[in-house]
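# Working through the structure, step by step
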Amino acid sequence: MKKILYLIILLFLSCCSVKASDNRIYNDIYKEQFKMSGAESLKENMPKESLEILDNLGISGTSWDEISNLTPDKFFEEIINVSKEKTFSPISALVPVIAIILLNAIVDALKISFDNQNMSQIITVVSALCVCICIVTPIVKSISSIALIIKCAAGFMLCYIPIMTGVMITSGQSLSATSYHVVMMGAGQIISQISANLLIPIMNTILGISVISAISPRLDLDKLCDLFHKTIKCVLGFSVSTFVGFLTVQSLVTSAADNIGSKTLKFALNNFVPIVGNALSDAFGTVNGCVKLLKSGIGAFGIIAGGAIFLPLIIECGVWIAFLNVCAVIGDMFELKRVCGLLRSSGKVMGTMLAIILCCMMILIVSTVIILIVGGGS
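This section reports on the structure supplied with the text. Keep in mind it's a predicted model, so treat the numbers as computed, not measured. Starting afresh in each chain, residues are numbered from 1 along the sequence in its written order. With pLDDT at 70 or above as the cut-off, local features in this predicted model cover only qualifying residues; side-chain atom pairs require 80 or more to be listed or tallied, and sums for whole chains, interfaces and linings still use all residues. By convention in this description, side-chain values take in all heavy atoms of the structure and omit both hydrogens and water.

It is worth spelling out the overall build of the chain at this point. Secondary structure follows DSSP: runs of H or I at least 4 residues long count as helices, runs of E at least 2 residues long count as strands, and numbering of each begins at the N terminus. Within the chain one finds 11 helices and 0 strands. Going residue by residue from the N terminus, the α and β elements of the chain occur as α-α-α-α-α-α-α-α-α-α-α. Only protein chains enter the accessibility calculation, which uses a 1.4 Å probe; a residue is then buried when its area is under 20% of its type maximum, exposed when over 50%, and partly exposed in between. A total of 378 residues make up the chain; the buried ones form 41% of that total. Here a residue-residue contact requires only that any non-hydrogen atoms of the pair lie within 4.5 Å. Partitioning the intrachain contacts of the chain with sequence separation of at least 6 by distance along the chain shows that 81% fall at a separation of at least 24.

Turning to the nonpolar core, a few remarks are in order. One finds Ile 135 and Leu 343 to be the most contacted residues of the largest nonpolar core, which totals 92 residues. Broken down by secondary-structure element, the contributors of at least two residues to this core are α2 (48-57), α5 (88-109), α6 (118-170), α7 (174-197), α8 (199-215), α9 (222-272), α10 (277-333) and α11 (337-374). Per element, the largest residue contribution to this core is 22 residues, and it comes from α6. Not counting chain neighbours up to four residues away, the residues in contact with Leu 343 comprise Val 97, Ile 101, Val 131, Ile 135, Leu 324, Cys 327 and Ala 328. Working definition of a nonpolar core: buried Ala, Val, Leu, Ile, Met, Phe, Trp, Tyr and Cys residues. They are joined through side-chain atoms within 4.5 Å.

This part takes up the packing of aromatic side chains. The geometry of an aromatic ring pair is captured by the separation of the ring centres together with the interplanar angle, meaning the angle of the planes. Stacked, edge-to-face and tilted labels apply to pairs of Phe, Tyr and Trp rings (six-membered ring for Trp) whose centres lie within 6.5 Å, assigned for plane angles under 30 degrees, over 60, and everything in between, in that order. Under the criterion given, the structure shown has 2 aromatic pairs. Summarising the aromatic geometry, the rings of Phe 75 and Phe 76 are spaced 5.7 Å apart at their centres and angled 75° between planes, so their arrangement reads as edge-to-face. Overall, Phe 75 belongs to the partly exposed group, its relative accessible area being 39%. Residues Phe 156 and Tyr 160 carry aromatic rings whose centres are separated by 5.9 Å and whose planes lie at 15° to one another, so their mutual orientation is stacked. Here Tyr 160 and Phe 156 lie together in helix α6, a separation of 4 residues that amounts to about one turn. For Phe 156, a relative accessible area of 0% translates into the label buried. Overall, Tyr 160 belongs to the buried group, its relative accessible area being 0%.

Time to look at the packing of α2 against helix α4 (residues 72-86). The N-to-C vectors of α2 and α4 enclose an angle of 145°; their axes lie 10 Å apart at closest approach. Helix-helix and strand crossings are classified by hand; for α2 and α4 the assignment is right-handed. Here Glu 49, Ile 53, Asn 56 and Leu 57 of α2 lie close against α4, whose contacting residues are Lys 74, Phe 75, Glu 78, Val 82, Glu 85 and Lys 86. Broken down by class, the residue content of the contact of α2 with α4 amounts to 4 nonpolar, 1 polar and 5 charged. Only C-alpha atoms enter the line fits that serve as axes; for helices the fit covers just the stretch in contact. Angles between N-to-C directions range over 0 to 180 degrees. Definitions for this section: a left-handed crossing has its near helix turned counterclockwise from the far helix by less than a right angle. A right-handed crossing has that turn clockwise. Any residue outside Ala, Val, Leu, Ile, Met, Phe, Trp, Tyr, Cys, Pro, Asp, Glu, Lys and Arg is labelled polar, Gly included; the first ten of those are nonpolar and the last four are charged.

Time to look at the pattern of salt bridges. For salt bridges, the criterion is a side-chain nitrogen of Lys or Arg within 4 Å of an Asp or Glu carboxyl oxygen. Counted according to the given criterion, the structure contains 4 salt bridges. The residue Lys 348 makes a salt bridge to Asp 226 at a minimum N-O spacing of 2.6 Å. On the criterion of sequence distance, the pair formed by Lys 348 in helix α11 and Asp 226 in helix α9 is long-range, its members being 122 residues apart. With relative accessibility at 37%, the residue Lys 348 sits in the partly exposed group. The exposure class of Asp 226 is partly exposed, given its relative accessible area of 21%. Among the charged side chains, a salt-bridge network with shared partners connects Glu 49, Lys 86 and Glu 316.

Here the focus is α2. All buried positions along α2 are accounted for by Ser 50, Ile 53, Leu 54 and Leu 57. Within α2, the buried residues cover an arc of 100° as seen down the axis, which keeps them to one side. Just downstream of α2, Gly 58 is the residue with a positive phi angle, here 85°. The directions from the helix axis to the C-beta atoms form the arc being described.

On to the packing of α4 against α5, then. The description of two helices packed together rests on the angle between their axes and the distance between the axes. It is the contact of α4 with α5, at a shortest axis distance of 5 Å, that shows an interaxial angle of 35°. Contacts from Lys 84, Glu 85 and Lys 86 in α4 reach Phe 88, Ser 89 and Pro 90 in α5. Residues of the contact of α4 with α5, tallied by class, amount to 2 nonpolar, 1 polar and 3 charged.

The next subject is the environment of Ser 92. Within the secondary structure, Ser 92 sits in helix α5. It is 9.6 Å that separates the C-alpha atoms of Ser 92 and Ile 135, two residues lying 43 residues apart in sequence. Residues adjacent in sequence count toward polar contacts only when both atoms are side-chain atoms; beyond that, a polar contact is any pair of N or O atoms within 3.5 Å, and within protein one must be able to donate a hydrogen and the other to accept it. Of the polar contacts made by the side chain of Ser 92, one reaches the backbone oxygen of Ser 89; its length is 2.8 Å.

To continue, consider a nonpolar patch on the surface. A cluster of nonpolar residues, Leu 102, Val 329, Met 333 and Phe 334, forms a patch on the protein surface that exposes about 370 Å² of accessible area. Along the polypeptide, Met 333 turns up in helix α10. Candidate patch residues must exceed 30% relative accessible area and have no salt bridge, after which like charges are joined if within 9 Å and Val, Leu, Ile, Met, Phe, Trp or Tyr side chains if within 5 Å. Note on areas: these come from Shrake-Rupley sampling with a 1.4 Å probe, and a residue is covered only by the protein chains present in the view.

This brings us to the side chain of Ser 210. Structurally, Ser 210 is set in helix α8. For Ser 210, a relative accessible area of 1% puts it in the buried group. In this structure the side chain of Ser 210 is engaged in a polar contact, spanning 3.0 Å, whose partner is the backbone oxygen of Ile 206.

Further remarks concern the layout of surface pockets. The way it works is a 1 Å grid over only the protein atoms, where trapped points that fit a 1.4 Å probe form a cavity and open points with protein on both sides within 12 Å along at least five of seven lines form a pocket, and then any residue with an atom within 4 Å of a point lines it. Grid points are joined across faces, edges and corners, and a volume is the space filled by probe spheres set on the points. Estimates place the volume of the largest pocket at around 530 Å³. Around the largest pocket, the lining is made up of 21 residues, and of these Ile 190, Ile 194, Leu 236, Ser 239 and Cys 359 lie nearest the centre. Those elements that provide at least two residues to the lining of the largest pocket are α7, α8, α9 and α11. For the lining of the largest pocket, the leading source of residues is α9, giving 7 residues. Taken together, the residues of the lining of the largest pocket break down into 18 nonpolar, 3 polar and no charged.

With respect to the helices and strands, Ala 177 occurs in helix α7. For Ala 177, a relative accessible area of 0% corresponds to the buried category.

Below is the structure:
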C-alpha cells in the first residue's frame, strides 16, 4: 500500500514538473516573440491621458497576464474618475447660462413697465449673445481637442496595424494579414486626413450657423443645421456598415485559406520529415500557439487602448449634451425660444461629434474583434 502511495506521489510530482517546464517554455517563447514584434512601442503613440487610464487599470503593456487580471471594478472606477474630470468645463460654462436665463425671465416678466415692445426682442437678442459668450468658446476648444485626439488615435492605428499584421503573418495568416493591412491602413489614413483638415472647419461652421440663427430674428437656419447633422450621421452609418461588412467577408474567406495552409504544413512535417517529423510538428504547434497568444494579447491591448483613447471624448461629449439639453429645458419653462434654439443646436453639434468619435472607435475595436474571432485568434 505504501509503495502504491509513493508511486502516485512520484507521478504527481513528475507531472507538475513537466507542466512547470512547459509553462516556462511557453513564457520564454512568448517573451521572445513579444520583443521581436515591436509591441512595446505601442504605448509611445498614445495620448498622455490615455496612458494614465491604462496605468490606473494596472496595464503597463500588452502582456496577456496583465490584461487577464483586469476587473470590472477597476473599469467602472476609472469611468467615474474620468467623468469627474470632464464635468468641470461644462459646469463652469453652463452655470452662467442658467443665471442668464433666469435674469432674462425676470426682465421679461417686468416688460409690462416698458412702453416699447421692441425692448423685449432686444433683451432676447442680448441674452442669446451672452449665452454665446458662455458656451461657444468652450465648445470650440472641445472640438479642437477632440479633433487632435482623433488624429492621435489614427496615429496609434497606423502604428498598431503593422505590428498586428506581422504577428498574423508569423502565425500563418498571410492572406488575412494582407487584407487587414490594406483595409485598416486606408481607414487610418482617411481618419487622419479628415480629423486634421475637415473636422474642425465643418463643425465650427455648423456651430456658427447655429449662433447666427439664434441671434438674427429674420434668419431661421435650424433646418439647414438639422440637414447637416442628419447627412453626416447617415454618411458615418453607411461608412461603418460597409467597412465592417467588407472586413468580415474578407476575413471569413482568407481565414479558411490560411487554416488549410497551416494544417497542410503541420501534416507535411509530421509525415514527410523522417525521424524528427513528430518533434518538428510539436515544436511548430507550440510556437504557433504562442504566436496566437501574442496576437490575442496585442489585439486585446488594442481594444483596451482604443477604449482608453476614446472614453474621455465620449464622456466629454455626453456631459456637454446632457447639460445643454438641461439648460434648454429650463429655457423652455420661461419661453425663451431663441436661447433654447441656440442651446439645442449646440447640443446637436456635440451629438454629431459624439457620432464621429463612436465611428472612429468602432473602426478600431470592431476590426480587431473580427480579426481575433474570425481569424482564429484564440
